[in-house]
Amino acid sequence: MVPGMAMGLLIVPLICAAIVALVPSNRLRPWLLPFGSGAHLLLTIQALNIPSIRALDDWIVLDDLGKLFLGVISVMHFLCMCYAPGYLRLRPERSNRVLCACLLMSLSAMTLVVLSHHLGLMWVAVEATTLISAPSIYFNHNPRSIEATWKYLLICSVGIAIALLGSFFLAYSAGRESTLQFETLVLEAPQLSKEWLHAAFVLLLVGYGTKMGLAPMHTWKPDAYGEAPGLVGALLAGGVTNVAFFAILRFYHIMYAAGDAAYARQLLLFLGLLSMATAAVFMIRQRDFKRLLAYSSVEHMGILVFGIGIGGPVAIFGSLLHMVNNAMTKGVLFLSAGNIHRAFKSKSTAEVHGAMASLPLSSSLLVAGFLAGCGSPPFGPFVSEFTIVTEAFANHHYVLATVFLAMLMIIFVGMGSTVLSIVLGKPSKPEVPFPDGLLTGAPVIVFMAIVTLLGVYLPEWLRGLLNDAVTFLQSVREVGASQ
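What you see is a predicted model; the values in this text were computed from it and never measured.

**Q** Would you take a moment to explain the overall build of the protein chain for this structure?
**A** Of the regular secondary structure elements, the protein chain holds 20 helices and two strands. Its C-alpha atoms give the protein chain a radius of gyration of 21 Å, within 12% of the compact-globule value 23 Å for 483 residues. C-alpha atoms of the protein chain, sized along the principal axes, occupy 70 × 55 × 40 Å. Out of the 483 residues belonging to the protein chain, those deemed buried represent 62%. Residue pairs in contact within the protein chain that sit at least 24 positions apart in sequence constitute 82% of those at least 6 positions apart.

**Q** I would appreciate a short explanation of the side chain of Ser-336 in the present structure.
**A** Checked against the element boundaries, Ser-336 lands in helix 13 (residues 313-344). For Ser-336, the side chain forms a polar contact with the main-chain oxygen of Leu-333, separated by 3.2 Å. When near neighbours in sequence (up to four residues on either side) are disregarded, Ser-336 contacts Ser-362, Leu-365, Leu-366 and Val-444.

**Q** Where do I start with the environment of Leu-119 in this structure?
**A** Structurally, Leu-119 can be placed in helix 5 (residues 119-137). Through-space distance from the C-alpha of Leu-119 to that of Leu-185 is 9.7 Å; in sequence the pair is 66 residues apart. Residues contacting Leu-119, with those up to four places away along its chain left out, are Ser-167, Leu-170, Leu-180, Phe-182 and Phe-251.

**Q** What is the right way to read the nonpolar core from this model?
**A** Proteins that are soluble and globular tend to have nonpolar side chains buried together. Counting 170 residues, the largest nonpolar core has Leu-170, Tyr-208, Phe-245, Phe-251, Ile-254 and Leu-320 as the members making the most contacts within it. Among the elements that line this core, the one with the most residues is helix 10 (residues 230-257), at 19 residues. In this view, Phe-245 contacts Phe-69, Met-212, Leu-304, Val-305, Ile-308, Ser-319, Leu-320 and Met-323; residues no more than four positions away in its chain are not counted.

**Q** How do you make sense of a nonpolar patch on the surface when you look at a structure like this?
**A** Taken together, the side chains of Ile-284, Met-409, Ile-410, Phe-412 and Val-413 define a hydrophobic patch exposed on the protein surface, amounting to about 440 Å² of accessible area. Turning to its location among the elements, Phe-412 is positioned in helix 17 (residues 398-423). Exposure remark for Phe-412: the relative accessible area of 35% places this residue in the partly exposed category.

**Q** How do you make sense of the confidence of the model for the protein chain when you look at a structure like this?
**A** Predicted coordinates in areas of low pLDDT are best not read in detail. Residues with a pLDDT of 70 or more make up 97% of the protein chain, whose mean pLDDT is 92. Long-range and interchain partners of residues 477-483, a stretch whose pLDDT sits below 50, account for 14 contacts in this model, where long-range means more than four residues apart.

**Q** What is the right way to look at the environment of Leu-90 in this model?
**A** Inspection of the secondary structure assignment puts Leu-90 in the loop between helix 3 (64-88) and helix 4 (97-115). Expressed as a C-alpha distance, the spacing of Leu-90 and Lys-221, which sit 131 residues apart in the sequence, is 26 Å. Residues within four places of Leu-90 in sequence aside, it is in contact with Arg-342 and Phe-434.

**Q** Would you mind showing me how to read empty space enclosed by the protein here?
**A** Empty space among the atoms becomes apparent when a probe as large as a water molecule is rolled across them. Counted under the stated rule, the structure contains four cavities of 30 Å³ or more. What the largest cavity holds in volume is close to 80 Å³. Every residue along the wall of the largest cavity is listed here: Cys-102, Leu-103, Ser-106, Met-110, Ile-132, Ser-133, Ser-136, Val-232, Leu-235, Leu-236 and Val-240. Sorting the residues of the lining of the largest cavity by element identifies helix 4, helix 5 and helix 10 as the ones contributing at least two each. Tallied by class, residues from the lining of the largest cavity come to eight nonpolar, three polar and no charged.

**Q** I would appreciate a short explanation of the layout of surface pockets in the present structure.
**A** For the largest pocket, the calculated volume is near 380 Å³. Every residue lining the largest pocket is counted, 18 residues in all, and those nearest its centre are Gly-71, Val-72, Val-75, Trp-461 and Leu-462. Residue assignment for the lining of the largest pocket shows that the elements contributing at least two residues are helix 2 (33-48), helix 3, helix 13, helix 18 (438-456) and helix 19 (460-473). Partitioned by chemical class, the residues of the lining of the largest pocket number 15 nonpolar, three polar and no charged.

**Q** Explanation requested: the pattern of salt bridges in the structure shown.
**A** Two side chains of opposite charge can pair, provided their charged atoms sit close to one another. Within this structure, the stated rule accounts for ten salt bridges. For Asp-223, the salt bridge goes to Arg-291, with nearest N and O atoms at 3.6 Å. Of this pair, Asp-223 sits in helix 9 (residues 221-227) while Arg-291 is found in helix 12 (residues 289-310), placing the two residues 68 residues apart along the sequence. What you see here is one network of salt bridges that share partners, running through Arg-144, Glu-227, Asp-288 and Lys-347.

About the cut-offs
- Residues numbered from 1 in each chain as written.
- Predicted model: local features only at pLDDT ≥ 70, side-chain atom pairs only at ≥ 80, totals over all residues.
- Heavy atoms only, no water.
- Helix = DSSP H or I, 4+ residues; strand = E, 2+ residues; numbered from the N terminus.
- Rg over C-alpha atoms; globule rule 2.2 N^0.38 Å.
- Buried < 20%, exposed > 50% of the residue type's maximum accessible area, 1.4 Å probe, protein only.
- Contact = heavy atoms within 4.5 Å.
- Polar contact = N/O pair within 3.5 Å; in protein donor to acceptor, adjacent residues only side chain to side chain.
- Core = buried A, V, L, I, M, F, W, Y, C linked by side-chain atoms within 4.5 Å.
- Patch = residues over 30% accessible without salt bridge, like charges linked within 9 Å, V, L, I, M, F, W, Y side chains within 5 Å.
- Areas by Shrake-Rupley, 256 points an atom, 1.4 Å probe, with all protein chains shown as cover.
- Salt bridge = Lys/Arg side-chain N within 4 Å of Asp/Glu carboxyl O.
- pLDDT = per-residue confidence, 0-100.
- 1 Å grid on protein atoms, 1.4 Å probe; cavity = no way out; pocket = protein on both sides within 12 Å on 5 of 7 lines; lining within 4 Å.
- Points joined across faces, edges and corners; volume = space filled by probe spheres on them.
- Nonpolar A, V, L, I, M, F, W, Y, C, P; charged D, E, K, R; others polar.

What follows is the structure in structure tokens.
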């Protein structure tokens with residue numbers, strides 16, 4: 001039953017994708033998406049209650065770190081799929097067959113990344129997320145979307161190629177009896193060649209950091225997020241980039257087990273602050289609000305690796321909690337911004353203003369998402385960012401913590417000026433063709449409710465998942481005990 005559970009998590013979305021692709025009706029097809037994603041969510045809930053899930057000679061394993069990421073991806077994907085029917089019914093002129101199939105296939109690919117306990121298999125899964133997501137970015141079928149799709153494919157493929165080279169280096173660091181299974185690599189980490197291991201981590205960080213969108217490898221994000229439907233942008237920002245972060249954590253775990261965590265943390269701190277600084281520069285006076293959200297994603301990816309770079313269980317806890325908060329917040333921001341973009345048929349602040357009068361629900365949620373994304377209380381990101389920066393001060397990283405806070409302040413001002421210019425003022429369109437509706441509003445409200453809840457109360461089951469994941473990353477014996 002347990003191996004069947006693992007395979008079910010992978011196969012069920014693929015079966016549903018095939019069914020969706022075969023359905024001839026353009027209107028019926030989107031309504032099947034919540035059922036396929038909901039089936040995956042039910043399997044995920046069951047899997048989280050099973051101590052250990054293994055299949056295919058331990059190439060597929062759901063460990064404590066994987067449980068946290070799998071839960072976040074499944075919940076976010078389900079809410080986005082609940083939004084999809086309301087969004088796609090307003091686009092009846094365009095076939096959604098490819099988009100709907102890719103949305104479900106991407107869920108399977110992201111799940112495979114999380115379940116992979118083999119270096120090569122995880123690389124294949126990450127590459128699959130790139131290839132499957134590309135047609136979704138091209139959904140609008142215009143010159144800018146095709147340009148964004150090619151840029152996404154080329155840059156991410158180069159990153160994945162660098163990650164493959166890093167994988168070879170890591171395997172070579174084990175000597176003649178090299179292994180590609182993560183558990184064995186962690187257990188044998190002290191015997192790995194330090195020079196090859198360091199070189200491997202740099203290449204892997206650059207490679208998977210490209211997919212994650214860390215600066216300066218982030219250049220695909222503004223175009224891809226700016227041209228993709230808001231639904232796709234939410235899944236990229238809260239799902240695909242998270243599995244790239246998951247891959248980096250796998251290799252950080254090996255570095256920790258090898259006694260080289262300090263080397264890894266220096267690189268993570270540098271890329272974290274560089275990403276935040278890059279986002280701050282480009283968010284000032286940004287006139288394209290969807291590109292603004294892309295730079296917000298760059299910022300938050302920087303926060304994630306900055307928290308890991310601080311080190312220690314508290315900072316790592318804060319970083320993993322921020323991964324959860326960021327995924328839910330990106331659901332609010334991208335879906336509400338997508339509603340505004342669709343209604344005003346523009347994403348430029350020169351043509352979109354006074355949205356609060358025309359789209360009060362989406363505009364209110366966008367403002368709330370902006371406040372949450374910038375770390376304002378009482379929302380979840382405030383708690384996770386506060387945890388990270390407090391631990392930075394506690395570990396005597398005074399300069400780094402000060403720069404961190406300065407970047408947050410600049411980003412708040414830059415993002416706030418753009419968001420407020422959109423929602424306030426005289427409406428540029430007193431009557432919009434696509435007003436707020438239940439189907440496009442309810443999933444965003446649920447996202448916002450989760451973000452708010454995590455700011456005032458952390459459920460014990462989630463705290464348990466976070467603590468288990470932190471313990472997993474900080475303990476070699478935990479991995480060995482599962483064999």
